[in-house]
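Coordinates in review
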Amino acid sequence: MKASEVMADLRRRFPNEPEYLQAVEEVVTSIEDVYNEYPSFEAENLIERLCIPDRIFSFRVSWVDDKGKVHNNMGYRIQHNNAIGPYKGGIRFHASVNQSILKFLAFEQTFKNSLTTLPMGGGKGGSDFSPRGKSDMEIMRFCQAFIAELWRQIGPDTDVPAGDIGVGGREVGYMFGYYKKMAREFTGTFTGKGLDFGGSLIRPEATGYGNCYFLLNMLATRGIDIKGKKVAVSGSGNVATYTTRKLTELGAKVVSMSDSGGSIIKPEGFSEEQLDYIFELKNYYRGRISEVAEKYPDVQYLPGERPWKHVKCDIAMPSATQNELDGDDAQALLDNGVIAVSEGANMPSTPEAIKKFLAAKILYAPGKAANAGGVAVSGLEMAQNSQKLSWSAEEVDDKLKSIMKNIHEQCEKYGKEEGSDFINYVKGANVAGFMKVARAMMAQGVL
Ligand SMILES: NC(=O)C1=CN([C@@H]2O[C@H](COP(=O)(O)OP(=O)(O)OC[C@H]3O[C@@H](n4cnc5c(N)ncnc54)[C@H](OP(=O)(O)O)[C@@H]3O)[C@@H](O)[C@H]2O)C=CC1
Ligand SMILES: O=C(O)CCC(=O)C(=O)O
């Protein structure tokens, strides 16, 4: 295959799906050489079958708000690839959700899940419904209406959803409850469930903690200690807040956080009290990040800004959303001496930013490797559910550490540049993730 021809064809067929095309281009470009070493791949047009999702469900979700007004949102589930296990991936509720965004996420998820070494295929779903400002009853009615449409397409061995932006424990609980009622079964069809009904210890922490474990593995390749390092984090949701918890435990200093309204910065690092306040504000009270600066005068709020250009840091961990760090942001980080970028979010760096990080040969980990801890612990939750057992927090955390170490090793194996010590984690993650899925697809015939 020629990556440029594959992309030209996909651009012609899916012209209005920029995020999907962006995610696919990165992968096809990185795997082009290895793909061409296996003529049987091309003979079975594997690349096209891998890039185009197995199927897409889209549907209207009608629900009634607290005042009796009827709203209609769009709902989707993308079942991308199940060569190595049931479709698996989160559900996103955010006003910006569309088919292109979910197709990029489902595509990325396929390679990420492969990297975990657990038997999970790739999928993603969601809705353009925004949970912000909605009451618990409105959220519940929306989740029930969403699952009323989707429940027939998912199941413990078919497709296992979980959380993502705008979907946390509360939403998973409502969706699981309604699924259970419709399907008349109590199985592990969702992960990220409450601990009282089949959830796994460490699942809420897993994406943020896993990213820190991956970062430690990267820093170790250059003999760098994380203690005292300044870390710019973006976002203030599930991934970002557990990232800052682990960073603090490891002795690093968090110098920024953000939400869709703007960023907060503190060049010498937030205190533990401030980070605890942010954790509660965002996870329990659903407040705005600007409130932190109102409470603490030594914290600066920058409305409408992303943190990257505004505060010096050694390490950046973008943990909010896609394309939140562009070429100019990357240049500012590099000018300020950044040594590592480890992505908590999915595809937060634009292609221009990635090019700059790779050219500067800093430690740069793409989301599909660095944030795989979340779905990995989801895979462990599925294993516990099918065994009807719960493992201790220590056992799950140990498994998470060893999965992240293994992902790092796979990236090193496929991404180390010849004649140098530099590891191209983008290439490493894409090739390693691809090879396992490709072998499984070849063994199963043209489907
Ligand atoms: N949850 C998980 O287990 C995993 C999540 N991820 C990825 O991590 C990222 C964060 O997810 P998660 O923490 O779960 O989601 P949350 O909903 O818990 O938090 C999302 C955070 O990002 C901010 N944000 C969302 N959209 C935008 C936007 N368009 N511009 C600026 N800020 C935005 C939100 O701000 P606000 O509060 O204003 O909306 C919030 O601070 C996503 O890319 C997700 O796909 C990856 C692997 C696993
Ligand atoms: O836990 C999961 O199934 C999915 C997590 C997720 O959405 C992701 O890895 O992007």
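Because the structure is a prediction, the values reported are computed rather than measured.

Focus: the sheet that holds strand β3 (residues 87-93)
The five strands lie next to each other as β1-β2-β4-β3-β5, forming an open sheet whose pairing is mixed. Each edge of the open sheet carries a strand with a single partner, namely β1 (55-64) and β5 (159-162). Each strand axis lies, on average, 20 degrees off the axis of its neighbour in the sheet, ignoring direction. As paired strands, β3 and strand β4 (residues 122-127) are joined by three bridges and run parallel to one another. Across the sheet, R92 pairs through a bridge with G126, a residue of β4.

Focus on the site of ligand 2
All residues adjacent to ligand 2 are K88, G89, G90, Q109, K112, A162, D164, T191, N346, G374, V375 and S378. Elements with a contribution of two residues or more to the shell around ligand 2: β3, α5 (99-115) and α15 (373-387). Taken together, the residues of the shell around ligand 2 sort by class into two nonpolar, seven polar and three charged.

A look at the site of ligand 1
Around ligand 1 there are 25 residues in total, and G237, D259, S260, A345 and G374 lie nearest to it. Sort the elements by how many residues they give to the shell around ligand 1 and helix α9 (residues 238-249) lands first, with three residues. Within the shell around ligand 1, the residues separate by chemical class into five nonpolar, 17 polar and three charged. Counting only domains with at least three residues in the shell around ligand 1, you end up with domain 1 (3-184) and domain 2 (205-365).

Some thoughts on the sheet that holds strand β12 (residues 363-365)
With mixed pairing, seven strands are arranged side by side in an open sheet as β9-β8-β7-β6-β10-β11-β12. Looking along the sheet, the strands with just one partner apiece sit at the ends: β9 (300-303) and β12. Across the sheet, the axes of successive neighbouring strands diverge by a mean angle of 15 degrees, strand direction being ignored. In the sheet, strand β11 (residues 340-342) pairs with β12 via three bridges, with the strands oriented parallel. Residue pairing in the sheet places A340 in a bridge with L363 of β12. Across the sheet, helix α8 (residues 203-221) touches β10 (315-317), β11 and β12, and the angle it forms with β11 is around 150 degrees.

Quick look at the domain arrangement of the chain
Here the domain parsing of the chain yields domain 1 (3-184) and domain 2 (205-365). The distance between the C-alpha centroids of domain 1 and domain 2 comes to 26 Å. With nine residues of domain 1 at the interface, the matching set in domain 2 holds seven residues. Residue assignment for the side of domain 1 that touches domain 2 shows that the elements contributing at least two residues are α2 (18-36) and α5. Take the side of domain 1 that touches domain 2: its biggest share by element is four residues, from α2. When grouped by side-chain class, the residues that make up the side of domain 1 that touches domain 2 number four nonpolar, two polar and three charged.

A closer look at the packing of α5 against helix α17 (residues 425-444)
One way to put it is that α5 packs onto α17 with a least axis distance of 8 Å and a crossing angle of 85 degrees. With respect to α17, the element α5 is oriented roughly perpendicular. Between α5, through T110, F111, K112, S114 and L115, and α17, the contact on the second element is made entirely by A429, N430, A432, G433, F434, K436 and V437. In the contact of α5 with α17, the residues fall into six nonpolar, four polar and two charged.

Criteria and cut-off values
- Residues numbered from 1 in each chain as written.
- Chains lettered and ligands numbered in written order.
- Predicted model: local features only at pLDDT ≥ 70, side-chain atom pairs only at ≥ 80, totals over all residues.
- Pairing = 2+ DSSP bridges.
- Helix = DSSP H or I, 4+ residues; strand = E, 2+ residues; numbered from the N terminus.
- Axes fitted to C-alpha atoms, helices over the stretch in contact; angles between N-to-C directions.
- Near = placed C-beta within 6 Å.
- Nonpolar A, V, L, I, M, F, W, Y, C, P; charged D, E, K, R; others polar.
- Domains from an automatic or database assignment.
- Contact = placed C-beta atoms within 7 Å.
- Parallel < 35°, antiparallel > 145°, perpendicular 65-115°, else oblique.

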